[in-house]
Each structure stands twice: as C-alpha cells, then as structure tokens.
Amino acid sequence: MSALSPRQIAKTTLGAARARGARPGRLLRRAGAWWRQAAPPAGLIAVLIAGWEWAVRAFGVPPYILPPPSQIAAVLIADRAILLGDATVTLAEVLLGFAVAFVVGVALALAIVSSRTVERAVYPLVIASQTVPVFAIAPLLIVWFGYGMASKVAMAALIVFFPIVVNTVDGLRAADEDLVNLLRILGAGRRRILLTIRIPAALPFVFSGVRIAVATSVIGAVIGEWVGATRGLGFDMIHANAQLHIDRVFAAIVYLSVMALALFGAVSALEWAALPWRREGTR
Amino acid sequence: MSQNHARGERAKLEVCGVAKRFPAAGAAAGGPWVEALAGVSMSVAEHEFVTLLGPSGCGKSTLCNIVAGLFRPDAGTVRLDGALIDGTRGRVAYMQQKDLLLPWRTVLGNATLGLEVQGVDRAVARAEARDLLREFGLEGFEAAYPAALSGGMRQRVALVRTLLCRREMLVLDEPFGALDAMTRAAMQEYLLRLRSEFHRTVLFITHDVEEAVLLSDRIYVLTDRPGRVRAVRRAPEPGPRRATDPEVVRLKAEILDLLRGVPAGAD
Ligand SMILES: Nc1ncnc2c1ncn2[C@@H]1O[C@H](COP(=O)(O)OP(=O)(O)OP(=O)(O)O)[C@@H](O)[C@H]1O
Ligand SMILES: [Mg+2]
C-alpha cells in the first residue's frame, strides 16, 4: 500500500467538487430568473386592467354595477385610513385564529402519531369533521362568541385546523424507517427519535399545509365578519355593498388579496429560512 | 479446526447458531418465509479483524443488524464481551450498508450524531468530528448538506460518524463500496492503523475478495441464502501484505473457489 495519507489522496481526487461554492454573478442571474417568471403574469394583469377600464367607459356601465379601476384606485387612496384600520383588525383575527389552530393542531397530530388509542379515537372524528360546512356554523359562532373578535378568530381557526392536522400527521409518518432505525441502533430513545428524525422529516409537509391554511384563514375571518361584526374588511364590504358603494367593495377586496398574498409570501420566506437543506443549489 | 477459533485470545464477539427469517414480501402472518440465516456460528477475538464474504442476499447485513441489536435472532445467541446481545442497542459502532445521512443536517451535524446520542459535550464532539473529517478529505464540506455530496463523500461521512462512536467493536457493512480505488486504498490503510494503534476490533463485510485477504486476520465464507458458514480461512501472516504476495494470490484463488461452491479439501 502507498504511503499517502487518506487526506492527501482525497484532496487530489476531490478538489474539483469544492469549486461549487458561491460565485459572483449568481445574484444577478437569480434576479434575471425572477424577472422572467414575474413578467408574464404582471403583463397579463396590466392588460386585463386596461381592458376593464376601456370596457366600462366604452359601454357606459354605471359605477354602482362595475366601477372602473381608476375609481377603485382613487377610493384606495382616499379611504386608506379607514381601510387600513379595518385591515389591521382582520389581519389580527387571521393571525390569532391561525396561531390557535397551529398550536392545537400540531399538538393533536403529535398525540395521534404517538398513541394508537388517541389515533383510533380522534382521527376518524377529525376527518369526519370536514363534512361539516364551517361557513354554516358561522352564525352559531356569533351567538357563542359575540360580535367581537373572538368569533372571527374561532372561524379562522376552524377553517385551517384540518389541513394543519392532516399534513402534520402525514409528515410525522413520512420519516424514512431506515433513519429511525439508525437512531435506534445508536441507542436513542423515542423522544430523541421524534426530535432528530420525525419532526425534521415532517417540516416540509407542515409547511405545505400551512401555506394553504394561511390563505384560507383569511376567508374564514371575512365570512365571520359578514355574519356579524362591528369592524374589519368583511364588515366594510357588507356595508359598502348595501349602500351600492361598489368601488369601496373592490377596494376592500384589493386589501384582502394583498393580505393573503403577503401571508403566503411570509410563510414561503419562513420555509426558506427553516429548511436550508431543501433550497435550490444545495441539492 | 484451529481456524475456527481466534488466536487463543478472549472472544470479543461470539455468534452461536444464529438463525433469522423474514416474512416473504406480501405474505400474510404465518405465511411463507424468507430464511436469511440458518445457524451461523462465528467469533471475533479481541483486536481481531474478521471479514464475512458471501453471495449477495446470503444474510450478511442481517447478521450485522442482529449484532447491532436492531433485530433479535430467531434462534441462537450473540455475545459481546460475554454479555448477551438480544435486541440490545448502542453497544457496537455500526456502519450500515446504506450511508443513511440525515438530509436536514450538515456534514458536521451528521458526523457528530453518534456522539450526540451518547451525550458527549457538543463542543468536544464537533472538534473530534472536524479532525476526522479533515483526515478523510472532507475539509471545507463541514457546512454542506448531504444532497450536495457525491456517493463516495457521503460514505466517508457515514464512516466518520461510525468511527467517532466510542465503541471498541466496529461493525462495517461494505464501508468502501462507493469509493474510487485511490480513496479506498487510503481508507483501508486508515482502518489498519485504527486497529493497530487504537486496538479496535473489526467485523468487516465486503464483496472484494482481495480487500478481504489484504485486511483480515480471518475470513468467513458464507453459503448462498440461507446463510451458513461454509469455511473459515486465516490470512497468511499478520502485518502488511501486498496483492502480489504468493500466499495472498493463493488464498484469493481458494476463496473464489469457495464462493463459487467448488468443494474445498479443508472443509
Ligand atoms: N428487514 C427485512 N425485512 C424482510 N426481509 C429482509 C429484511 N432484511 C433482510 N431481508 C431479506 O433477508 C435476505 C438477506 O438480506 P441481507 O441484506 O442480509 O443480505 P446481504 O448478504 O447483506 O446481501 P448484500 O451482499 O447484497 O448486501 C434477503 O433475502 C432479504 O430480502
Ligand atoms: Mg448487505
């Protein structure tokens, strides 16, 4: 056998692989790729808005049926103080509802995967609960929790509870059994296996559940506000609608869409930060 | 007969009549079985390097899994330092055939996993891992994720993780399968040094007969599934050998015959 050390030999055979690190110009290329992705939908939206503006003017559609985008934009700016205040209320309901559903849902998912008894008792109920139309119980929630924030928080929580539980259960079960066995062979107990293998393996599933849930929870909060509220974007919409201020309804919709998009983006950013091993370029 | 026993020293590992079967794929409970091992007896003396050679699917990995305590044998016993291993885990340092790196951990985090489970101080574990990773040519990759590594690099990380476990008995299931010839030779040399300098005991599995003859003190040749011991051979003499030594060439030919199923005079 040769007198070379493993270190020397590996260096000569593997030096090339190391050139894979950060390179200049990578950021620029990424920005270019982002633009290529964003340009087509942005262009389409611009065309649609222009077409809308033109059609409303050309056919003389009255503003209490369909206001032109320019009028909606004017309301967005003129009423921004009220709309922003209401948006803050709705956002708080969404975040609180989501947080409650997340904490309870993840805890329940952990209980389901760690105990067969809990699984047999609870899981069928969780799945069956999906057949109850949550919107239909919104009036009940108002009766039970009142006109304030609590009923909307409950609504948002109920709507996202299911995807969170189901995705977390699936994720906790998706761990590679070989990795679990590796930990067992090393002498690890159940707790360590949960923390080292099952939870990290579940995270991508949890995040995909959360990404769906966070946009849906906006719907939940708005429906709660429609049924009975004193504040919030949903309350705003109902009132404006009744008074045929359709431009104001649209303005509220714009705020809601931006809110849902921002929440979706925040979850994606969190996922990017929490799962470095799933990033492009590390695989 | 003397070949069946380790060099008069105390047995570190004693496998006695171990049998194991698995339910055949898709079989119902009590249905047909796949017999993996049918009464294997073997031993590894303290500080000895013993290799298992055998056709694919004859139960070598299964035997390692039993020694590591992952499965319990259906029959027979395994003893380490005289103490029964019957589903007892964490007693040996075991490198499985697959590299089994955690995709969400960096190279460094994977390398320290065994020490972490053993409760070793994090800073100490990291320092030890860095040293060994450097030794194995993985310097500069400590922060990389497994997905960015080549197969041979992943295998070396798994080897580092195994070697860091502070256990006297090493069980290595085809540890060099994914390595190129140069790296492989360097790793073999490292393993021999580990044994002579740090007095580790090694149970080794390979498909490479030459590797077995060059590294081992003794070699067990197993039959086709279900695995049994077909023959035991002692390597020519302790100490460094070359592939061209006449004794090595002769033993290699003999073992190849045994693997092909040619009846051997000595058995
Ligand atoms: N966990 C298991 N469940 C079911 N069958 C198994 C299991 N582990 C091994 N077997 C079966 O036992 C037999 C022996 O497998 P084993 O992995 O021990 O072979 P091996 O000698 O290591 O083969 P190779 O050299 O290809 O790695 C095979 O038929 C395999 O299908
Ligand atoms: Mg095997």
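Residues numbered from 1 in each chain as written. Chains lettered and ligands numbered in written order. Predicted model: local features only at pLDDT ≥ 70, side-chain atom pairs only at ≥ 80, totals over all residues. Heavy atoms only, no water.

Next up on the list: the site of ligand 1. Residue and element names in this part refer to chain B. Inspection of the region around ligand 1 gives 15 residues, with Ser56, Gly57, Lys60, Ser61 and Thr62 positioned closest. A distance of 3.2 Å separates an oxygen atom of ligand 1 from a polar backbone atom of Cys58. A distance of 3.0 Å separates an oxygen atom of ligand 1 from a polar atom in the side chain of Arg225. Burial of ligand 1 by the protein amounts to 68% of the accessible area it has alone, namely 640 Å². Counting only elements with at least two residues in the shell around ligand 1, the list comes to strand E2 (33-45) and helix H1 (60-67). Top contributing element to the shell around ligand 1 by residue count: H1, with three residues. Among the residues forming the shell around ligand 1, the class breakdown is five nonpolar, seven polar and three charged. (Near = heavy atom within 4 Å. Polar contact = N/O pair within 3.5 Å; in protein donor to acceptor, adjacent residues only side chain to side chain. Areas by Shrake-Rupley, 256 points an atom, 1.4 Å probe, with all protein chains shown as cover. Helix = DSSP H or I, 4+ residues; strand = E, 2+ residues; numbered from the N terminus. Nonpolar A, V, L, I, M, F, W, Y, C, P; charged D, E, K, R; others polar.)

Once that is clear, we can look at the coordination of the magnesium ion (ligand 2). Residues and elements named next belong to chain B. On the protein side, the magnesium ion (ligand 2) has Ser61 (OG) and Gln97 (OE1) as donor atoms, found 1.9 to 2.2 Å from it. Here the residue Ser61 occupies a position in helix H1, and Gln97 occupies one in the loop between strand E6 (93-95) and helix H2 (107-111), the gap between them amounting to 36 residues. With relative accessibility at 23%, the residue Ser61 sits in the partly exposed group. (Donors = N, O, S within 2.8 Å, 3.2 Å for Na, K, Ca; no water. Buried < 20%, exposed > 50% of the residue type's maximum accessible area, 1.4 Å probe, protein only.)

Residues and elements named next belong to chain B. Spatially, E2-E1-E4-E5 is the arrangement adopted by the four strands of the open sheet, whose pairing is antiparallel. Here the strands that pair on one side only, and so sit at the sheet edges, are E2 and strand E5 (83-84). When strand E1 (residues 11-23) meets E2, the two strands line up antiparallel, connected through ten bridges. Note that in E2 the partner of Arg21 across the bridge is Glu35. Of the strands in this sheet, E1, E2 and strand E4 (75-80) are in contact with H1, which crosses E1 at around 120°. (Pairing = 2+ DSSP bridges. Contact = heavy atoms within 4.5 Å. Axes fitted to C-alpha atoms, helices over the stretch in contact; angles between N-to-C directions.)

Residues and elements named next belong to chain B. Looking at where Ala11 falls in the secondary structure, it is placed in strand E1. By relative accessible area, which is 26% here, Ala11 ends up partly exposed. Along the sequence, Ala11 and Ser61 sit 50 residues apart, while their C-alpha atoms lie 21 Å from each other. When neighbours within four sequence positions are excluded, Ala11 is seen to be in contact with Val44 and Ala45.

Residue and element names in this part refer to chain B. For Asn110, the position within the fold is in helix H2. The class of Asn110 is buried, set by a relative accessible area of 1%. Among residues more than four places away in sequence, those in contact with Asn110 are Leu101, Leu102, Arg105, Pro146, Val157 and Arg161.

For the structure shown, the criterion picks out eight aromatic pairs over all chains. Centroid distance Phe98 of chain A to Phe102 of chain A: 6.1 Å. Interplanar angle 25°. Geometry classified as stacked. Here Phe98 of chain A and its partner Phe102 of chain A are both found in helix H4 (residues 80-114), four residues apart, which amounts to about one turn of the helix. Taking relative accessible area as the criterion, Phe98 of chain A reaches 14% and is therefore assigned buried. On the basis of relative accessible area, Phe102 of chain A is assigned to the partly exposed category, the value being 33%. Both rings, one in Phe136 of chain B and one in Tyr190 of chain B, keep their centres 4.8 Å apart while their planes meet at 90°; by these two values the pair is edge-to-face. Of this pair, Phe136 of chain B sits in the loop between helix H4 (122-135) and helix H5 (151-164) while Tyr190 of chain B sits in helix H6 (residues 181-198); the two residues are 54 residues apart in sequence, bridging distant segments of the chain. Judged by relative accessible area, which is 0%, Phe136 of chain B ranks as buried. Here the aromatic cluster, defined as three or more aromatic residues joined through ring pairs, consists of Phe49, Phe176 and Phe204 of chain B. (Phe/Tyr/Trp six-rings, centres within 6.5 Å; stacked < 30°, edge-to-face > 60°.)

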